[in-house]
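Examining the three-dimensional arrangement
Each chain is listed here by its residues.
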Amino acid sequence: KVFKPVKMELKPPKYKLMTEAQLEEATRKAIEEAKEKLRMPPVLKEREPIDDVLAEDKFLEGTETTKYVFTDTTYSVPHRERFIVVRETNGVLRKATWEERDRMIQIFFPKEGRRVIPPVVFKDENLVAVFQQDRHEDLLNRCIAQFEPDSPDYIRVSSLVISLGLERSRLISGDHRLCVHTCFFIPYRLPAILVISFVCCGLDDATSLITLYHMLHPECPSAKETKEGNLQGVDMIKVFANTESQKEGYIQLALQAYEETMATSTAS
Amino acid sequence: MALAGGVALLRLAAGGLRGPGSLLWAQHSRDATATPTTSLPPQAPLRFCSRQDAPQPPPAPPSPYQEQPWEYLESEEYHLLYGASPVWLGYRRNHKGAVPPQRTRKACLRRGKRVGNPCPICRDPNLHVHFRNVKLLDQFICPHSGVILHPTHTGVCMKQHKLLTKAIEQAQDHGLLWLQVPYVPVPREDFSNQHPAIGRTPPAPALAPGSYWYPWYEWQQPPAAAVARLRRLYKGFLKEEARPDAPPAPSAEPKGE
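Computed from a prediction, not measured in an experiment: that's the story for all the values here.

Re the overall build of chain A
A count of helices and strands for chain A gives 11 helices and four strands. Every one of the 268 residues in chain A was classed for burial, and the buried ones make up 36%. For chain A, contacts bridging at least 24 residues in sequence account for 57% of all contacts bridging at least 6. With the model as given, the accessible surface of chain A reaches about 16,500 Å², and the carbon-plus-sulfur share is 57%.

Considering the confidence of the model for chain A
In the predicted model, chain A carries a mean pLDDT of 81, and the fraction of residues at 70 or more is 82%. For chain A, per-element mean pLDDT is lowest for helix H7 (residues 186–201) of chain A, which scores 58, and highest for strand S2 (residues 68–71) of chain A, which scores 95.

Some remarks on the interface of chain B and chain A
Opposite the 39 residues of chain B that make contact, chain A presents 48 residues. Carbon and sulfur atoms supply 54% of the area buried between chain B and chain A, which totals about 3,900 Å² over both sides. Inspection of the chain B/chain A interface yields two salt bridges. Across the pair Arg142 of chain A and Asp173 of chain B runs a salt bridge, and its minimum N-O distance is 4.0 Å. On the surface where chain B and chain A come into contact, there are 10 residue pairs in polar contact (both at pLDDT 80 or more). The class makeup of the residues in the side of chain B that touches chain A is 21 nonpolar, 12 polar and six charged.

Regarding the pattern of salt bridges
Residue and element names in this part refer to chain A. Applying the stated rule across the entire model yields 18 salt bridges over all chains. We note a salt bridge from Asp102 to Arg47, for which the minimum N-O separation is 3.3 Å. Of this pair, Asp102 sits in helix H2 (residues 98–108) while Arg47 sits in the loop between helix H1 (20–38) and strand S1 (53–56); the two residues are 55 residues apart in sequence, bridging distant segments of the chain. Counted as one network, the salt bridges with shared partners bring together Arg47, Arg80, Asp102, Arg114, Glu148 and Asp150.

Things to note about the sheet that holds strand S3 (residues 84–87) of chain A
Residues and elements named next belong to chain A. Reading across the sheet, the four strands line up as S1-S4-S3-S2 and stay open at both edges, with antiparallel pairing between neighbours. Two strands in the sheet have a free side with no partner beyond their single neighbour: S1 and S2. Pairwise comparison of adjacent strand axes, ignoring direction, gives a mean angle of 15 degrees for this sheet. Relative to S3, S2 runs antiparallel, the two being bridged by four bridges. Considered in S3, the bridge of Val69 is made with Val86. Running at roughly 110 degrees to S3, H2 makes contact with S2, S3 and strand S4 (92–95) of the sheet.

Side note on the nonpolar core
By size, the foremost hydrophobic cluster in this structure holds 25 residues, and its most contacted members are Leu127, Leu137, Phe140 and Leu177 of chain B. Those elements that place two or more of their residues in this core are helix H3 (76–82), helix H4 (134–138) and helix H6 (158–174) of chain B. Looking at this core element by element, the count peaks at four residues for H6 of chain B. Not counting residues within four places of it along the chain, the set of residues in contact with Leu177 of chain B comprises Arg135 of chain A together with Val134, Leu137, Asp138, Ile141, Ile168, Ala171 and Gln172 of chain B. Counting residues in hydrophobic clusters, the runner-up holds 15 residues, among them Phe147, Tyr154, Val157 and Ile162 of chain A.

Some remarks on empty space enclosed by the protein
Empty space among the atoms becomes visible once a probe the size of a water molecule is rolled across them. Residues and elements named next belong to chain A. Here the structure, examined in full by the defined rule, presents two cavities of 30 Å³ or more. If you add up the space inside the largest cavity, you get close to 70 Å³. Per-element tally for the lining of the largest cavity: the top contributor is helix H4 (residues 136–146), with three residues.

A few points about a nonpolar patch on the surface
Side chains of Ile107, Phe108, Val116 and Ile117 of chain A sit close together on the surface and give an oily, nonpolar patch of about 380 Å² of accessible area. Relative to the elements of secondary structure, Phe108 of chain A occurs in helix H2.

Some points on the packing of helix H3 (residues 124–132) of chain A against helix H5 (residues 152–167) of chain A
For any two helices packed against each other, one specifies the crossing angle of their axes together with the interaxial distance. Residue and element names in this part refer to chain A. It is the contact of H3 with H5, at a shortest axis distance of 12 Å, that shows an interaxial angle of 35 degrees. Handedness of the H3/H5 crossing: right-handed. Seen from H3, the contacting residues are Asp124, Leu127 and Phe131; seen from H5, they are Arg156, Val157, Leu160, Val161 and Leu164.

Describing the side chain of His161 of chain B
If you trace the backbone, His161 of chain B turns up in helix H6. With residues up to four places along the chain from it excluded, the contact list for His161 of chain B reads Ile148, Leu149, Pro151 and Val156 of chain B.

A closer look at the packing of H4 of chain A against H5 of chain A
Residues and elements named next belong to chain A. Where H4 meets H5, the axes come as close as 10 Å, and the angle between the chain directions of the two elements is 165 degrees. As far as their axial angle goes, H5 and H4 are roughly antiparallel. Of the two elements, H4 crosses H5, and the hand of that crossing is left-handed. Residues His136, Leu139, Leu140, Cys143 and Ile144 of H4 pack against Tyr154, Val157, Ser158, Val161, Ile162, Leu164 and Gly165 of H5. Here the contact of H4 with H5 is built from residues that sort into nine nonpolar, three polar and no charged.

What about the packing of aromatic side chains?
In the structure shown here, the tally under the stated rule is five aromatic pairs over all chains. Note on Tyr75 of chain A and Phe109 of chain A: the rings are 6.3 Å apart at their centroids and 45 degrees apart in plane angle, and the pair reads as tilted. You can see Tyr75 of chain A sitting in the loop between S2 and S3 and its partner Phe109 of chain A sitting in the loop between H2 and H3, a full 34 residues away along the chain. Judged by its relative accessible area of 74%, Tyr75 of chain A is exposed. Of the residues examined, Phe109 of chain A reaches a relative accessible area of 17% and is grouped as buried. For the ring pair Tyr72 of chain B and Tyr78 of chain B, a centre distance of 5.7 Å and an interplane angle of 80 degrees mean the geometry is edge-to-face. Taking the ring centre of Trp178 of chain B as reference, the NZ or CZ of Lys7 of chain A above it sits at 4.8 Å.

Considerations on the pairing of S3 of chain A
The side chains of a regular strand alternate between both faces of the sheet. Residues and elements named next belong to chain A. Taken together, the three bridges between S3 and S4 define a ladder with antiparallel strand orientation. Bridging from a neighbouring strand, Arg87 pairs with Leu93 of S4. Between the end of S3 and the start of S4, which pair antiparallel, lie four residues, with Gly91 showing a positive phi angle near 90 degrees.

Reading the values: the criteria
Residues numbered from 1 in each chain as written. Chains lettered and ligands numbered in written order. Predicted model: local features only at pLDDT ≥ 70, side-chain atom pairs only at ≥ 80, totals over all residues. Heavy atoms only, no water. Helix = DSSP H or I, 4+ residues; strand = E, 2+ residues; numbered from the N terminus. Buried < 20%, exposed > 50% of the residue type's maximum accessible area, 1.4 Å probe, protein only. Contact = heavy atoms within 4.5 Å. Areas by Shrake-Rupley, 256 points an atom, 1.4 Å probe, with all protein chains shown as cover. pLDDT = per-residue confidence, 0-100. Buried area = accessible area lost by both parts, 1.4 Å probe. Salt bridge = Lys/Arg side-chain N within 4 Å of Asp/Glu carboxyl O. Polar contact = N/O pair within 3.5 Å; in protein donor to acceptor, adjacent residues only side chain to side chain. Nonpolar A, V, L, I, M, F, W, Y, C, P; charged D, E, K, R; others polar. Pairing = 2+ DSSP bridges. Axes fitted to C-alpha atoms, helices over the stretch in contact; angles between N-to-C directions. Core = buried A, V, L, I, M, F, W, Y, C linked by side-chain atoms within 4.5 Å. 1 Å grid on protein atoms, 1.4 Å probe; cavity = no way out; pocket = protein on both sides within 12 Å on 5 of 7 lines; lining within 4 Å. Points joined across faces, edges and corners; volume = space filled by probe spheres on them. Patch = residues over 30% accessible without salt bridge, like charges linked within 9 Å, V, L, I, M, F, W, Y side chains within 5 Å. Left-handed = near helix turned anticlockwise from the far one by under 90°. Parallel < 35°, antiparallel > 145°, perpendicular 65-115°, else oblique. Phe/Tyr/Trp six-rings, centres within 6.5 Å; stacked < 30°, edge-to-face > 60°. Lys NZ or Arg CZ within 6 Å of the ring centre and 35° of its normal.

Right, here's the structure in full:
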């Protein structure tokens, strides 16, 4: 369910006649595209602000009334290696800050879905309106389109959206590129995700989720117990359910249902 | 027009005749106002035909939904007028021929006057195009493709269509309206931020704070040989200086090196 239906202009459908080989080629390409769509954006620390001064020319003070921004517009240079400097009215020549860099690069090399000035949605008061309409995934896509992965705005908005989305159990389906990010917010939401993944995807997903949680938080009691006993599979989930106090009942119910299905399948 | 002309003539005649030999009717008219009282029946005071004197319709009272236009769409009068259908349904443009012009009229309010058959938004004074009344804006967006409907389809005038487009864009910016976000792939870049364009560069060694870019911006000690040569040259004309090797005072003119 990676390729969701998208609202676009109505066009008549296209039909193609293909041989077996062409059909295989088309399916292979579709699988590659799906993998590309599921590639998760990197989780980085906030970038450090740039405040380097290249020159201070006192004799230029008072000659100009505006700042000048000089951007290197060579096409083959990656954006992260582009030199952008600002000459201020007091004669100081400094490197441009991250926000100025983003704006200048968007002006000269416009990217689809990104605005020069970030839209008003990403302010806290307007995010509330979007949450009320339950459009968390759209907001996350917009956030990825607008900001760089290491900008403080992106980190703030994405963490807020994911944590609130998990609270309301909106982002739990595994067919968008931020499902791994949801695991980073595990401490509060793991039981809910666990139950749903157990029910939908099976035992393997649940066990891998728990191992990831143990890797992130090695001090928690369930991690210690699993390490001591070297437990696998269902036992790991039982230990986890015993140690975690939230939604224990749900996990037990899910486990029982699973065991019943296993028993019936082995019997038949 | 003839009556006005006649009154003017009477006035002229009355004004021209002065003195004891004046006629009775001229005196009478001089005493009375300039309106002819003899032959005409009593009338309202005469007016010359001009736009300023024509009776103006009273200005419409301000709509009660000026501040919160979104409340009108939930009121009873709206439901009575439109029901569940959109505002523009049933509006028919008046045009010649079978094919309507591909652009609607420029505006429904020209020089303060309303045209006949105004567009669906202009005909209802309580409908205000504001980015917060999402229900009204939703009616002008196609539910299947997410595209703003063309004015030939809805019948709104071009001015209102422009305002609608601006309001829809504003609402999408504020997050009140849904917006189809294009899929943007995750960038494959090096996020280490080590390049000198972004990372820290050590300041130039010659650039101590307060120093100049070129050394000759500041005063420099001239070479002793040149100073001695010039002294020999202008021996008889030099003024006595207390400290000949110090930088020149700002009041003195800087000469030579």
